[in-house]
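# Structural characterization, general
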There are 2 protein chains.
Amino acid sequence: MKNITEKLIGLFKSGYCTPQIARIAKHIKEPSTTIHYNIKKLESEGAIKAYKAVFDYKKINQGTCNYVFINLGQDHYGDPEQIAYQLAKYDEVESIDICTGEFELIIKLRTKDIDEYYEFVKKIIKKYGFRRTESVTSLKQVKTEFVIL
Amino acid sequence: MKNITEKLIGLFKSGYCTPQIARIAKHIKEPSTTIHYNIKKLESEGAIKAYKAVFDYKKINQGTCNYVFINLGQDHYGDPEQIAYQLAKYDEVESIDICTGEFELIIKLRTKDIDEYYEFVKKIIKKYGFRRTESVTSLKQVKTEFVIL
DNA sequence: ATATATTTTTGAATATTATACGAATTTATG
DNA sequence: CATAAATTCGTATAATATTCAAAAATATAT
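First, a word on what this report is: a plain description of the structure on this page. Note that the structure is predicted; figures quoted are calculated from it, not measured.

### Thoughts on the nonpolar core
The biggest cluster of nonpolar side chains holds 46 residues, and the ones touching the most others in it are A:Phe12, A:Ile24, B:Phe12, B:Ile24 and B:Ile35. Of all the secondary-structure elements, those providing two or more residues to this core are helix 1 (4-12), helix 2 (21-28), helix 3 (32-44) and strand 2 (48-55) of chain A together with helix 1 (4-12), helix 2 (21-28), helix 3 (32-44) and strand 2 (48-55) of chain B. Excluding residues that lie within four positions of it along the chain, B:Ile35 makes contacts with A:Ile4, A:Leu8, B:Ile21, B:Ile24, B:Ala25, B:Ile28 and B:Glu30.

Pasting the structure below:
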């Protein structure tokens, strides 16, 4: 056993997929070369960032999902983007937005369980010294990444 | 001009893509048939829900992103799931979670502009009679759907 | 309005890739 | 340790993407 599954999950999370031109061509009843042309155009314009898989995260050991709302500390208050891009690198981070309102950052986190979630939050608080964080746990995910579960 | 782009965006939002088996095989240096076997297994187990594209949403006229936090009204308080699955059907909804804490639902919304966002929120409040909603606007999206923008 | 350039669509030929299948190997189970 | 089940993997084939050149449609300038 080579545990290829684990590697696949990593690759599929943000790429290593491609459009199904033939299927689309049949579906919208246009020649596949026309579909091909239009897709390449979207790609070259940068409108399409990636092709990827969406998982049933419970089945790949990432069933715990939390939103973390963050107030940056005084050090970083003027530069939320730099912090955001650093946080974006973590695999556990599904999304991160710089926002209006009470909090500067909203992070959506996926972890195996509460323990892993807690370790992650502890780690980033320690590292970046956030003034305040507030978490909301997702009890049930009905739709993610435009896919209904 | 057949405006195939619009149709593609609709299809790619939640499907019509497929894994790149040959590319993965080269990347992790395993036979493509082994990769194929492992992917089909993930699919049959239901671990993979879909293969899809991730967009630069500004470039496809969906540059406005808002989180909407919802308190259900008394009518629906006992059954957040039913409401959530109905809301999930809207194209504008990227994700919807049933949550702990102050609000029962967190919706991530993508619209063309503030006007479209406002119309959408008005519509669902009117339809479902939420007790309270609170919105947070994303000023900058650093990562979405596990893809760094 | 008309000529010209640009973009988009399309079919035919080719290159690449996924898939089916069977055999071999590895791993799990009693 | 024997047997069953799961996984790996090579070969052959089917399906698909891609290239290319031409035609059509659209935009632009005169």
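### Focus on the packing of helix 3 of chain A against helix 1 of chain B
Relative orientation of the contacting elements helix 3 of chain A and helix 1 of chain B amounts to 75 degrees, with a least axis distance of 10 Å. Comparing their axes, helix 1 of chain B and helix 3 of chain A come out roughly perpendicular. Contacts between helix 3 of chain A and helix 1 of chain B involve A:Thr34, A:Ile35, A:Asn38, A:Ile39 and A:Leu42 on the former and, on the latter, B:Ile4, B:Thr5, B:Leu8 and B:Phe12. Classifying every residue of the contact of helix 3 of chain A with helix 1 of chain B by side-chain character gives six nonpolar, three polar and no charged.

### Re the interface of chain A and chain B
Bring the parts together and some accessible area is lost; that lost area is often taken as the interface size. Across the boundary between the two partners, chain A contributes 74 residues, which contact 74 residues of chain B. Between chain A and chain B the total buried area reaches about 6,900 Å² when both faces are included, carbon and sulfur atoms providing 66% of it. Among the residues of chain A in contact with chain B, A:Tyr16, A:Lys143 and A:Phe146 are the three that bury the most area, contributing 12% of the side total. At the surface where chain A touches chain B, the tally comes to two salt bridges. The salt bridge involving B:Asp97 is made with A:Lys108; its shortest N-O contact spans 3.8 Å. At the surface where chain A touches chain B, the tally comes to 40 residue pairs in polar contact (both at pLDDT 80 or more). Broken down by element, the side of chain A that touches chain B gets its largest block of residues, nine residues, from strand 6 (residues 132-144) of chain A. For the side of chain A that touches chain B, a count of residues per class yields 40 nonpolar, 14 polar and 20 charged.

### Remarks on the protein's contact with DNA strand C
Close to DNA strand C lie 18 residues; A:Tyr37, A:Asn38, B:Lys2, B:Ile21 and B:Ala22 are nearest. What you see for DNA strand C is that sugar and phosphate hold 74% of its atoms within 4 Å of the protein. A distance of 3.4 Å separates a phosphate oxygen of DNA strand C from a polar side-chain atom of A:Lys41. Between a phosphate oxygen of DNA strand C and a main-chain N or O atom of B:Ala22, the distance comes to 2.6 Å. Those elements that place two or more of their residues in the surface near DNA strand C are helix 3 of chain A together with helix 2 and helix 3 of chain B. Counting residues per element, the surface near DNA strand C draws most heavily on helix 3 of chain A, at five residues.

### Quick look at the pattern of salt bridges
Under the definition given, this model contains 20 salt bridges over all chains. For A:Arg132, the salt bridge identified is with A:Glu102, shortest N-O distance 2.8 Å. Of the two residues, A:Arg132 is situated in strand 6 and A:Glu102 in the loop between strand 4 (93-99) and strand 5 (105-111); the sequence distance between them amounts to 30 residues. The exposure class of A:Arg132 is partly exposed, given its relative accessible area of 33%. Residue A:Glu102 is classed as exposed on the basis of its relative accessible area of 54%. Look at the salt bridges and you will find they share partners, linking A:Glu94, A:Lys108, A:Arg110 and B:Asp97 into a network.

### A few points about helix 1 of chain A
Given 3.6 residues to a turn, an α-helix orients residues that are three or four positions apart in the same direction. Restricting attention to buried positions, one finds in helix 1 of chain A the residues A:Ile4, A:Leu8, A:Ile9, A:Leu11 and A:Phe12. Taken around the axis of helix 1 of chain A, the buried residues stretch over an arc of 165 degrees, which confines them to a single face. In this fold, the buried residues of helix 1 of chain A make contact with strand 1 (17-19) and strand 2 of chain A together with strand 1 (17-19), helix 2, helix 3 and strand 2 of chain B.

### Description of the relation of the copies chain A and chain B
Under the fitted operation, chain A is carried onto chain B by 0.0 Å of movement along the axis and a turn of 180 degrees, and the coordinates agree to an RMSD of 0.0 Å. The transformation relating the two chain copies, once decomposed into turn and shift, fits a two-fold axis. Taken together, the interface assignments show that 100% of the residues at the interface of chain A recur at the interface of chain B, consistent with an identical surface on both copies.

### Description of the side chain of A:Asn38
By the element assignment, A:Asn38 lies in helix 3. On the basis of relative accessible area, A:Asn38 is assigned to the buried category, the value being 12%. A distance of 2.9 Å separates a polar atom in the side chain of A:Asn38 from the backbone oxygen of A:Thr34. Residues contacting A:Asn38, with those up to four places away along its chain left out, are B:Ile4, B:Thr5 and B:Leu8.

### Here we look at the protein's contact with DNA strand D
In the region of DNA strand D, 18 residues are neighbours, and A:Lys2, A:Ile21, A:Ala22, B:Met1 and B:Asn38 sit closest. For DNA strand D, the fraction of atoms within 4 Å of the protein that belong to sugar or phosphate moieties is 74%. Contact distances for DNA strand D include 2.9 Å between a phosphate oxygen and a side-chain N or O atom of B:Tyr37. Broken down by secondary-structure element, the contributors of at least two residues to the surface near DNA strand D are helix 2 and helix 3 of chain A together with helix 3 of chain B. Take the surface near DNA strand D: its biggest share by element is five residues, from helix 3 of chain B.

Quick notes on the rules
Residues numbered from 1 in each chain as written. Chains lettered and ligands numbered in written order. Predicted model: local features only at pLDDT ≥ 70, side-chain atom pairs only at ≥ 80, totals over all residues. Heavy atoms only, no water. Core = buried A, V, L, I, M, F, W, Y, C linked by side-chain atoms within 4.5 Å. Buried < 20%, exposed > 50% of the residue type's maximum accessible area, 1.4 Å probe, protein only. Helix = DSSP H or I, 4+ residues; strand = E, 2+ residues; numbered from the N terminus. Contact = heavy atoms within 4.5 Å. Axes fitted to C-alpha atoms, helices over the stretch in contact; angles between N-to-C directions. Parallel < 35°, antiparallel > 145°, perpendicular 65-115°, else oblique. Nonpolar A, V, L, I, M, F, W, Y, C, P; charged D, E, K, R; others polar. Buried area = accessible area lost by both parts, 1.4 Å probe. Salt bridge = Lys/Arg side-chain N within 4 Å of Asp/Glu carboxyl O. Polar contact = N/O pair within 3.5 Å; in protein donor to acceptor, adjacent residues only side chain to side chain. Near = heavy atom within 4 Å. Arc of directions from axis to C-beta. Least-squares fit on C-alpha atoms with pLDDT ≥ 70 in both.

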